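Each chain, letter by letter, is given below.
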Amino acid sequence: MRPKLSRAYLALIVLLLIGQFILRAHNITELPAFVDEYSHIRRARIVYDFDTNPARYSHGKLLLYYWLGLFRPFDPAGLMVARTANALFTLLGGAALAAVARDLFGRRAMIPALAFYALVPYAVFFDRMALADPFAGALAALAAWASLRLVRRPTAERGLWAGLVLAFAPLAKLTTAPVVALPLIGVLLFGPDRPPGRTGADLRAWIGAIWQRNREAWIAAGAVFGVVWGAVLIAALANRLAGDTPLLIDAHLIENEAGSLLDKVELFLERGPLLISPALAWLLVGMIPLLLWRCPRGGLYALVWLLLIWVPIVALIVTVQSRYLMAGVPALAVVFGGGIAAAGDVLGDLAARLSASISHTRAAQVATSALAVIVLVPWAVGFALPFNVDAMTDPAALNLPDKDQYDYFRGSFNTWGIKQGLDYLRANGERFDGIVPAVGVFLHCGTLTLHLTDDFAWNCMDPYDFMPDKRLPADLSEWYVLMDGLQRWPFVYLLTEYTDRIPLDAPPADPPLAWDLVYSFAHPHGGRTVAVWRVAAE
C-alpha cells in the first residue's frame, strides 16, 4: 500500500491548487472576448433546453457546452461565468496530473509538476478563456490517471470509471481521441505479464495472459465507452435522418495537403520560448533522456500521453494554433515533475556514495526539493509571474506568437476596442429614458454581445447580413442599423471597425449626417481601430 502523504505535503498541494485558481480567475474578463468563446457560450445557453438535437452544433466539443451550461452563462455576466467555470474545471486537471506524476515517478514529482502547471503562462493564458482545449486537457489528465489505476488493479469498478473519462475526453474535444489508447499503453509498460520469447506461440500466450488479467475491467470500460458514444452516434444518425448534417467535427481544420508539415513544426517550436520561456523549454528537452534513463517506463508513459495529443494536431490541423496544443500541457507538467525527480534521484545516488551516513531516500528528497526551488523560483520571478500579472491586469502587454497576437489582439476575431467603446458610452454616453442608443457594424456581431449590458438599446449588422456576397455595402444609406436608429432616435452612437469606410478624419458627406467622433481605440500590436461616432440627421 502506498504511504499516505503528510499533512504538510497535502497543505502545499492545496495551496498550489488555490494559487492556480487565483491566477486563472482573478480579473478574468480583463482580456476582451474571443469569437470562439461566444460560439461556445451561445451553445451552452441552449444545450439544456433539449429541443434541438445536440449533434447539430457539436463541432467536436459537445461536453464543454454541457459543462458551461450548468452555470447558466447568460448576459450580462455570461463571459465571466463561462471563463470561471473553465478555470474551476482545470483544478481537476491539476489534481489529476499531480496524481499521475506520483504514480509514475513517486511523490517527489508531485509538487514540481503541479507548480509548473499552476504557473506556466501557456496554461494560465488559455485557462482564463472559455475554450475547449483546457477543459479537454483536464479530462485527458483524468483519463491518464484512470488508465494507470486500471493497470495497477484491473477491476470492473475501475474499468467503469476509466471508460467514462476516456469517453468524455474526446467528447470535450475530438482532437484528444487518441488518449483512448492509454490503458493499452499502460498495460504494455506496467503490466505484470511479459512476453517470454519471440515465437508466435509465446506472443499468443502473452496476449492471452493480458486478456485474462484485464478482461473484466476492459469489458466494463468498453461498455461505458460504448454507451456514451453510442448515444452520440444515435443522435448524429437521428440528425441525419431528419435531413440535417451533424457537426461532430470541424472538418475545415483538417489538413488537405501535407506539404506544409515542416512549416507547422516550425510554428509549433515557436511556442515554447514565448509561452514557457527559452531556458525552461530547453530544460524540458534535456530532461527527456534523463527521464528515460532513470524511469524508462514512467517516462515513456508521460511522453506517449503528450505525443498522442500533440502529434495528430501538428500532422493534421491546417494551422497549428497555441490553444490546440493546450490539452497536452498537463502531460508536459508531468514530464517536468518526473525530470526534476529523476535528477534528484541521480544526486541522491551521488550523495549516498560519497557518505555512508546519508541515506539515498533522504538525499533524493532533499535534492529534488532543492532542484525544484532552484529551477522554479527564478523562472517564476523572471518569466512566469510577470507574464501572469500582465494577463490579469494588462493583457495588451503580453508577447505571444504572431498567430495568437492576431487572434486575440490585432484582428477582428476579438472585441478589443468594442469592450472599451461600450465602457466609454456606459460612463459618458447621452441617454434617453436611461438607455444609450447605439448600433454596431462589425465582422462578428455576436461576440460583442458578451460585453453588452442593459444600459444599451442595441442593434448590429455584419457582412453576413448581405448574402450571398457577404460584402458590406460601400453606400452608408444601406447600413440599415444606422438608418433605422436615426429614424427612432434623434441621434445614435455608431461603433464600427470599418474605418476605411468612415475615416476618422473625414467622415462621408453622403448621406448628409452630422458626425462627431467621441472615442476611438486601436487594437494592440498594430491592429485596426474601433471608432465610436455620435451620428445625427442634419
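Going by the structure above, here's the rest.
Attention in this report is confined to the structure presented alongside it. (Residues numbered from 1 in each chain as written. Predicted model: local features only at pLDDT ≥ 70, side-chain atom pairs only at ≥ 80, totals over all residues. Heavy atoms only, no water.)

This part covers the state of the cysteines. Under the definition given, this model contains 1 disulfide. Across the disulfide, C445 is cross-linked to C460 (sulfur-sulfur distance 2.1 Å). Every disulfide takes its handedness from the sign of the S-S torsion; for C445 and C460 that torsion is -75°, giving left-handed. Taken together, the residues C445 in helix α19 (residues 445-448) and C460 in strand β2 (residues 456-461) connect sequence positions 15 residues apart. Exposure remark for C445: the relative accessible area of 11% places this residue in the buried category. (Disulfide = S-S within 2.5 Å. Helix = DSSP H or I, 4+ residues; strand = E, 2+ residues; numbered from the N terminus. Buried < 20%, exposed > 50% of the residue type's maximum accessible area, 1.4 Å probe, protein only.)

This paragraph deals with the nonpolar core. Counting 130 residues, the largest nonpolar core has F116 and W305 as its most contacted members. With 14 residues, the top contributor of residues to this core is helix α7 (residues 132-152). What W305 contacts, discounting residues up to four positions off in sequence, is V100, A140, A141, A144, L182, P330, A331 and V334. Judged by nonpolar contacts, the second largest core, of 22 residues, contains V441, F466, A531 and V535. (Core = buried A, V, L, I, M, F, W, Y, C linked by side-chain atoms within 4.5 Å. Contact = heavy atoms within 4.5 Å.)

Attention now moves to the pairing of strand β5 (residues 529-537). In terms of burial, β5 is a largely internal element, 7 of the 9 residues being buried. Of the pairings in the sheet, the one linking strand β4 (residues 513-522) to β5 comprises 9 bridges and is antiparallel in character. Residue pairing for β5: D516 is matched across the bridge by R534. As consecutive antiparallel partners, β4 and β5 are separated by 6 residues, and within that stretch H525 has a phi angle of approximately 60°, a positive value. (Pairing = 2+ DSSP bridges.)

In the structure shown here, the tally under the stated rule is 24 aromatic pairs. When the centroid spacing of 5.6 Å and the interplanar angle of 35° are considered together, the rings of F432 and W489 count as tilted. Residue F432 is located in the loop between α18 (418-428) and β1 (436-441), and its partner W489 is located in the loop between α20 (480-488) and β3 (491-496); the two are separated by 57 residues in the primary sequence. Here F432 falls in the partly exposed class, since its relative accessible area comes to 26%. For W489, a relative accessible area of 17% gives the class buried. Here the aromatic cluster, defined as three or more aromatic residues joined through ring pairs, consists of F34, Y122, F125, F126 and Y408. Directly above the aromatic system of F190 lies the positively charged group of R152, at a separation of 5.2 Å from the ring centroid. Just above the ring of W293 sits the side chain of R294; from NZ or CZ to the centre is 5.1 Å. (Phe/Tyr/Trp six-rings, centres within 6.5 Å; stacked < 30°, edge-to-face > 60°. Lys NZ or Arg CZ within 6 Å of the ring centre and 35° of its normal.)

To continue, consider the pattern of salt bridges. Evaluation of the coordinates by the stated rule reveals 18 salt bridges. Where R323 meets D36, a salt bridge forms, and the shortest distance between an N and an O atom there is 3.2 Å. In this pair, R323 is assigned in helix α14 (residues 322-325) and D36 in helix α2 (residues 35-46), connecting sequence segments 287 residues apart. Residues K419 and D423 are paired through a salt bridge, measuring 3.9 Å at the closest nitrogen-oxygen approach. A residue pair is termed a helical-turn pair when its members lie 3 or 4 positions apart in one helix, as K419 and D423 do in helix α18 at 4 residues. The class for D423 is partly exposed, based on a relative accessible area of 35%. Connected through shared salt-bridge partners, K419, D423, R426, R431 and D455 make up one network. (Salt bridge = Lys/Arg side-chain N within 4 Å of Asp/Glu carboxyl O.)

With that out of the way, let us pick up the side chain of Q420. When you line up the elements, Q420 lands in helix α18. For Q420, a relative accessible area of 15% translates into the label buried. From its side chain, Q420 meets the backbone nitrogen of G417 in a polar contact 2.6 Å long. (Polar contact = N/O pair within 3.5 Å; in protein donor to acceptor, adjacent residues only side chain to side chain.)

Before going further, it helps to examine the packing of helix α9 (residues 182-190) against helix α10 (residues 200-241). With their axes 12 Å apart at the nearest point, α9 and α10 run at an angle of 130° to one another. Accordingly, the angle class assigned to the pair α9 and α10 is oblique. Of the two elements, α9 crosses α10, and the hand of that crossing is right-handed. Counted together, L184, V187 and L188 of α9 and W206, I210, N214 and W218 of α10 form the full contact between these two elements. In terms of residue class, the contact of α9 with α10 is made up of 6 nonpolar, 1 polar and no charged. (Axes fitted to C-alpha atoms, helices over the stretch in contact; angles between N-to-C directions. Parallel < 35°, antiparallel > 145°, perpendicular 65-115°, else oblique. Left-handed = near helix turned anticlockwise from the far one by under 90°. Nonpolar A, V, L, I, M, F, W, Y, C, P; charged D, E, K, R; others polar.)

All we've got here are geometric facts, nothing functional implied.
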